[in-house]
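Letter by letter, the chains look like this.
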Amino acid sequence: LRKAHPDIVAQRMLIMDVFVPWSKTKDLVELVRRNITAYTTPIWLCPAVLSQPRIPQPFSPICQPPSSHHHPQLYMDVGIYGRVNDYQARRYTRQIDLWTLKNNARKLLYSQHTYSEEEFWKSPSVESQTPLDRGLYEHIRSKYGALQAGFVDLYSKVVGKTVKVDTIGQRWRSFWSYVIS
């Protein structure tokens, strides 16, 4: 996969983990079985109980915010990995992305995505069932110098949108000059 052109991977492979509320697992599995007929690999099913960290983790897809009324929630990690034989993997990924937006599910960040930037930021995090907090994210990026150092933002990195980035040497010089100052 590392040597393959990204367009070939996007058209031939499905690579995703979707955290789905337990009650919606059957719906997603049926969607995959019904609509992705050229998919030849088994679906991975792994139950997951959301953990409750001692400190908030607003960008973690599998942690609940701390509370005194913690009731563990059961989710299913539905893993969909493998080759499709009809070169339509990008279309299938879009179908699953739209399904996740409608069904309070969350794709893990390393998964393939077709979200628009607006969809990405309104996509619910599993733990809070609310959208990712873009304001908090931008504040953290600014506070720790990610903007000044030229690091790409989360949406661009996850969804793989092309962004203009300076050379690695320029980014490191910028980063270290920010850290030292």
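Everything below is about the structure printed above this text.
Reading the values: the criteria
Residues numbered from 1 in each chain as written. Predicted model: local features only at pLDDT ≥ 70, side-chain atom pairs only at ≥ 80, totals over all residues. Heavy atoms only, no water. Pairing = 2+ DSSP bridges. Helix = DSSP H or I, 4+ residues; strand = E, 2+ residues; numbered from the N terminus. Contact = heavy atoms within 4.5 Å. Axes fitted to C-alpha atoms, helices over the stretch in contact; angles between N-to-C directions. Buried < 20%, exposed > 50% of the residue type's maximum accessible area, 1.4 Å probe, protein only. Parallel < 35°, antiparallel > 145°, perpendicular 65-115°, else oblique. Left-handed = near helix turned anticlockwise from the far one by under 90°.

Asker: Describe the sheet that holds strand E4 (residues 106–107), with residues and values.
Answerer: Pairing within the open sheet is antiparallel, and its four strands lie in the order E2-E3-E1-E4. The sheet is open, and its two edges are formed by strand E2 (44–49) and E4, each paired on a single side. Where strand E1 (residues 13–21) and strand E3 (residues 74–83) come together, nine bridges link them in antiparallel fashion. Counterpart to Pro21 in the pairing with E3 is Tyr75. Across the face of the sheet, helix H3 (residues 89–102) comes into contact with E1, E3 and E4 while running at roughly 10° to E1.

Asker: Lay out the pairing of E3 in plain terms, naming residues and giving numbers.
Answerer: Among the 10 residues of E3, seven are classified as buried, and the element is accordingly described as predominantly covered. Of the strand pairs in this sheet, E2 and E3 are connected by six bridges, and their pairing is antiparallel. Bridge pairing in E3 places Cys46 opposite Asp77.

Asker: Report on the packing of helix H2 (residues 25–35) against H3, specifying residues and quantitative values.
Answerer: Two elements in contact, H2 and H3, have axes whose closest approach is 11 Å; the angle formed by their N-to-C orientations is 155°. By the angle between their directions, the pair H2 and H3 is classed as roughly antiparallel. As H2 packs across H3, the resulting crossing turns out to be right-handed. On H3, the residues that touch Asp27, Leu28, Leu31, Val32 and Asn35 of H2 are Tyr92, Gln95, Ile96 and Trp99.

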